[in-house]
Amino acid sequence: MSVWLQITDTAGAVLVFLGAAICLLGVVGMLKLPDVLSRSHAATKPQTLGLLLVLAGVALRLRGGMDFATLALIGFFQLMTSPVASHLVARSAYRTGQIARGELLFDDLDAQLTEPGQEAGKRPEPDSGPERD
């Protein structure tokens, strides 16, 4: 075995280990963080970076063209789906009132979701139904 193959195998093993450690930190963050926005952050960023590091390490170990193409597709779809899904979860949590709005630094959605004629920052009262006489 040549020196370059040993170096790439070692680098691949280190990348796989680092990626797995970052994914583990993301899982700990998902379990320990208090609210939906923090958990969606922990579910997306470390998991995506960890998976990309694992894929890079596996690509260094496999060294095949078809293997590399398959791993590149996996990485591409991970980058496209995970952040979008996390964004949709956070947005639905915002719309259903699961987020404490007083703790937000910026609330860009408030102006978009406020109906015309309504003061920004205040939600309309829910309809109690038809009034009875």
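Data block above holds the structure.
Let me begin by describing the structure that accompanies this report. Because the structure is a prediction, the values reported are computed rather than measured.

A packed helix pair is summarised by two numbers, namely the angle formed by the two axes and the spacing between the axes. Direction vectors running N to C along helix α2 (residues 36–62) and helix α3 (residues 65–95) enclose 180 degrees, while the axes themselves pass 10 Å from each other. Between α2 and α3, the angle falls in the class roughly antiparallel. Residue-level contacts link Val36, Leu37, Ser40, Ala43, Thr44, Thr48, Leu51, Leu52, Leu55, Val58, Ala59 and Leu62 of α2 to Asp67, Phe68, Leu71, Ile74, Gly75, Gln78, Leu79, Ser82, Pro83, Ser86, Ala90 and Ala93 of α3. The residue inventory of the contact of α2 with α3, partitioned by class, reads 16 nonpolar, seven polar and one charged.

This part covers a nonpolar patch on the surface. A surface patch of nonpolar side chains, about 560 Å² in accessible area, is lined by Leu52, Leu73, Phe76, Phe77, Leu79 and Met80. Broken down by element, the residue count for the nonpolar patch peaks at five residues, all from α3. Of note, Leu52 is situated in helix α2.

The end-to-end C-alpha separation of helix α1 (residues 3–32) is 43 Å, in line with the 44 Å expected for 30 residues at 1.5 Å each. Taken as a whole, α1 has its buried residues at Asp9, Gly12, Gly19, Cys23, Gly26 and Gly29. Where α1 is buried, its residues touch α2.

Rules and cut-offs
Residues numbered from 1 in each chain as written. Predicted model: local features only at pLDDT ≥ 70, side-chain atom pairs only at ≥ 80, totals over all residues. Heavy atoms only, no water. Axes fitted to C-alpha atoms, helices over the stretch in contact; angles between N-to-C directions. Helix = DSSP H or I, 4+ residues; strand = E, 2+ residues; numbered from the N terminus. Parallel < 35°, antiparallel > 145°, perpendicular 65-115°, else oblique. Contact = heavy atoms within 4.5 Å. Nonpolar A, V, L, I, M, F, W, Y, C, P; charged D, E, K, R; others polar. Patch = residues over 30% accessible without salt bridge, like charges linked within 9 Å, V, L, I, M, F, W, Y side chains within 5 Å. Areas by Shrake-Rupley, 256 points an atom, 1.4 Å probe, with all protein chains shown as cover. Salt bridge = Lys/Arg side-chain N within 4 Å of Asp/Glu carboxyl O. Expected span 1.5 Å × (residues − 1). Buried < 20%, exposed > 50% of the residue type's maximum accessible area, 1.4 Å probe, protein only.

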